[in-house]
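Residues per chain are reported as follows:
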Amino acid sequence: MKTPIVTLRLGALLLVTAGSSGVAFAQKSPASPADCRNIVASMERLACYDAAVGRQETSGAQAVAPVAAPVASGEPAPAGTAVAAAKPASSAPSIIDAAWAFDPASPRYDISFHNANYLLFGRYSDNVNTAPFSPLFQAAGRQEDLNDVEAKFQISFKARLWTTDDRRWGAWVAYTQQSNWQLYNGNESRPFRDTNYMPEVFVSYRPDVDLGGGFNWRLLNFGFNHQSNGRSDVLSRSWNRLYATVGVERENLALYGTAWYRIPENENDDDNPDITDYLGHGELTALYRWRGNSFKLSARGNISTGKGAVQAGWFTPPLLGPLRGYVQVFSGYGESLIDYNWNQTTVGVGVALNDGF
């Protein structure tokens, strides 16, 4: 009596095996969705239907990836709708934040460019200032001989000595040196006509105030600087100032306004007591960046005397490594300290490393 039972069980096992083989065969190439109805396992039945209708099998990552649905601003997303995280519209990076390392991720102790660093291979003046040098030429029994074309260069950098964790406050020191070099004057042994040295110490702060119209107040500086030409006797020029700078920007446009107060000196030691009559009490600077170019315009002066100066610059996109072409035009008083009371117009062409922002 056991043999028939064993036989029946073996037969049932063969039928199940055959059915499974049929299912596998159906999954591989079902003729129609109807062929999948009798498959018991749900996952196998679903795979059979997919194969029957020609649907491609998707990876797990693709199957669960949410599809972003557009949702009007201010309206809640419909239930069951996956909404992609909104990303802010791309905008131009902050000129002032980059210049003053206001990014909280920036190095705590930072060394960077300050004012523009440049070399003018040739700078032409329409009115060469020989007056300060006349006593020296006369003492040497020679005629005044200064070229109207010379080289001019400037180096300038700053270092942050202290800052808060969010980088909104910082204490800095800076140094700027400008030299006018009679490079093409072989008759006078190519002297440096004037070199100005300007160390500074100041505190920077990032107000981050929306002024409306797309303008943002991003910079407030308070500091002290000393500027001199390191000369003695008749060629000596110097002054000390307390100053404050405000910086605002709108996309690719940055505006700086600086006001200063000259610290009085002893009358017997003052080499240029009337310097503010010509250089004034403040300066306005605008910088606009466009397609890799930088256009810069600065103006300073004294309203009561009607004297001052304007300087314009064009910095091209990089030409060789970091070097950019640079064209500088100056008109007015005080291109250098030795010329503080001398009116001239100059044009120079050369290269620059940065635009001073």
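Residues numbered from 1 in each chain as written. Predicted model: local features only at pLDDT ≥ 70, side-chain atom pairs only at ≥ 80, totals over all residues. Heavy atoms only, no water.

We describe a pair of aromatic rings using the distance from one ring centre to the other and the angle between the two ring planes. Evaluation of the coordinates by the stated rule reveals 13 aromatic pairs. Ring geometry for Y118 against Y326: centres 5.2 Å apart, planes inclined by 55°, an arrangement best described as tilted. With a gap of 208 residues between them, Y118 in strand β2 (residues 118–125) and Y326 in strand β13 (residues 323–333) connect regions that are remote in the sequence. Here Y118 matches Y326 in class, with each residue buried. Where Y278 meets Y333, the ring centres are 5.1 Å apart and the plane angle is 55°; that geometry is what we call tilted. In this pair, Y278 is assigned in helix α6 (residues 275–279) and Y333 in strand β13, connecting sequence segments 55 residues apart. (Phe/Tyr/Trp six-rings, centres within 6.5 Å; stacked < 30°, edge-to-face > 60°. Helix = DSSP H or I, 4+ residues; strand = E, 2+ residues; numbered from the N terminus. Buried < 20%, exposed > 50% of the residue type's maximum accessible area, 1.4 Å probe, protein only.)

Our focus in this paragraph is the pairing of strand β11 (residues 293–302). As defined by bridge partners, strand β10 (residues 282–290) adjoins β11 across 8 bridges and the pair is classed as antiparallel. Looking across to β11, one finds that A286 is bridged to L297. In this antiparallel pair of consecutive strands, β10 and β11, the connection spans 2 residues, and R291 shows a positive phi of 50°. By the bridge criterion, 9 bridges tie β11 to strand β12 (residues 307–320) in an arrangement that is antiparallel. Counterpart to R300 in the pairing with β12 is A309. Between β11 and the antiparallel strand that follows it, β12, lie 4 residues; G306 among them carries a positive phi value of about 75°. (Pairing = 2+ DSSP bridges.)

Further remarks concern the side chain of T176. The residue T176 is located in strand β4 (residues 169–181) in this model. Given the relative accessible area of 6%, T176 is considered buried. In terms of polar contacts, T176 uses its side chain to reach the side chain of N115, at 3.1 Å. Within the structure, the side chain of T176 is placed 2.7 Å from the side chain of S156, a separation counted as a polar contact. Contacts of T176, omitting those with residues within four sequence positions, involve H114, N115, Q154, I155, S156, N196, Y197, M198 and E200. (Polar contact = N/O pair within 3.5 Å; in protein donor to acceptor, adjacent residues only side chain to side chain. Contact = heavy atoms within 4.5 Å.)

Attention shifts here to the environment of L46. Tracing the backbone shows L46 in helix α2 (residues 42–53). Classification of L46 by relative accessible area gives partly exposed; the value is 47%. Separated by 10 residues in sequence, L46 and C36 have C-alpha atoms that sit 8.2 Å apart.

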